[in-house]
Amino acid sequence: SVPEDFRFSVKLNKYFTREKRLTEAGDKLKLTLEPIMELREKLGALLIQLPGKLDFDPKVADKFFRELRHSYEGEVMLEPRNLTWVTREAADMLT
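What you see is a predicted model, and the numbers here were worked out from it, not measured in a lab.

Right, let's get into the nonpolar core. Where a protein is soluble and globular, its nonpolar side chains tend to be buried together. Among the nonpolar cores identified, the biggest contains 23 residues, and Leu29, Phe64, Phe65, Leu68 and Trp85 are the most heavily contacted of them. Elements with a contribution of two residues or more to this core: helix H1 (14–19), helix H2 (26–37), strand S2 (43–49), helix H3 (58–71) and helix H4 (88–94). Ranked by the residues each element gives to this core, the list is headed by H3, at 4 residues. In contact with phenylalanine 64, other than residues within four places in its own chain, are Leu12, Phe16, Leu22, Glu24, Ala25, Leu29 and Ile48.

Structural data, given as structure tokens:
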């Protein structure tokens, strides 16, 4: 039980960010998102925390985030911990 205006933020499983380093999405991502979507109007944002050792790779990132957007239309909060993600190229791709 939470207040009416309360929203949950859910962190994406580190399987995608640390273990697979954004190289896997597809059906596994869809299955991971299904129970999260059960929060419905109580879902605030999906948090994606990237490990500090994960460099921005435009091909890998583009593929992963396109697949994410195909399966999830809600808000996404990205927490990059590597400066290679703080570039115009990365910002343009994420937009």
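For the rest of this paragraph, the subject is the pattern of salt bridges. Any two side chains of opposite charge can pair if their charged atoms end up close together. The tally for this structure, following the rule as stated, stands at 5 salt bridges. With a closest N to O distance of 2.7 Å, glutamate 67 and lysine 63 form a salt bridge. Placement of both glutamate 67 and lysine 63 in helix H3 is noted, with a separation of 4 residues, approximately one turn of the helix. Classification of glutamate 67 by relative accessible area gives partly exposed; the value is 21%.

Rules behind the numbers
- Going along each chain's sequence as written, the residues are numbered from 1 onward.
- Confidence filtering applies because this is a predicted model: local features only for residues at pLDDT of at least 70, side-chain atom pairs given and counted only at 80 or more, and all residues used for totals across whole chains, interfaces and linings.
- To get the side-chain values, all heavy atoms of the structure are used, and hydrogens and water are removed first.
- Residues belong to a common nonpolar core when they are buried Ala, Val, Leu, Ile, Met, Phe, Trp, Tyr or Cys residues joined through side-chain atoms within 4.5 Å.
- Only protein chains enter the accessibility calculation, which uses a 1.4 Å probe. A residue is then buried if its area is under 20% of the maximum for its type, exposed if over 50%, and partly exposed in between.
- Only DSSP runs of H or I with at least four residues qualify as helices, and only runs of E with at least two residues qualify as strands; both kinds are numbered from the N terminus onward.
- Note on definitions: a residue-residue contact is assigned when non-hydrogen atoms from the two residues lie within 4.5 Å.
- What makes a salt bridge here is a side-chain nitrogen of Lys or Arg within 4 Å of a carboxyl oxygen of Asp or Glu, nothing more.

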